[in-house]
Amino acid sequence: MARPSKHSAEFRSDVIAYVNPETLRTWVRDADGRPVAVGASQDSEAELVRLRAENARLAKAEKEWQLEREILRRAAVYFAREMK
């Protein structure tokens, strides 16, 4: 005999509405009566790798822009002193 769920049906349906199917695949499968596709996890992994690479590229670009802004700020201060 299966033990009763700790979570109410309302809580489970709310979670299912926001869930990545791989995270709580049993609840999702039980909720809509069909198995979750295995291929979806491979697509998710590929997307995750792509997003992480893009995130790293953007973080590097942001550091470069911050350095450029700092150089320009210092140059502006330097030339403002020269003009006095």
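It should be emphasised that the depicted structure is a prediction, and the values quoted were computed from it without experimental measurement.

Describing the pattern of salt bridges
Using the criterion set out here, one finds five salt bridges in the structure. With a closest N to O distance of 3.2 Å, Arg 50 and Glu 54 form a salt bridge. Here the residue Arg 50 and the residue Glu 54 both occupy positions in helix H3 (residues 39–83), the gap between them amounting to four residues, near one helical turn. Under the relative-accessibility criterion, Arg 50 is labelled partly exposed at 43%. Look at the salt bridges and you will find they share partners, linking Glu 47, Arg 50 and Glu 54 into a network.

Here's the deal with the confidence of the model for the protein
Per-residue pLDDT for the protein has a mean of 81; in total, 81% of the residues score no lower than 70. Mean pLDDT values over the elements of the protein span from 71, in helix H2 (residues 25–32), up to 90, in H3.

The rules we used
- Residues numbered from 1 in each chain as written.
- Predicted model: local features only at pLDDT ≥ 70, side-chain atom pairs only at ≥ 80, totals over all residues.
- Heavy atoms only, no water.
- Salt bridge = Lys/Arg side-chain N within 4 Å of Asp/Glu carboxyl O.
- Helix = DSSP H or I, 4+ residues; strand = E, 2+ residues; numbered from the N terminus.
- Buried < 20%, exposed > 50% of the residue type's maximum accessible area, 1.4 Å probe, protein only.
- pLDDT = per-residue confidence, 0-100.

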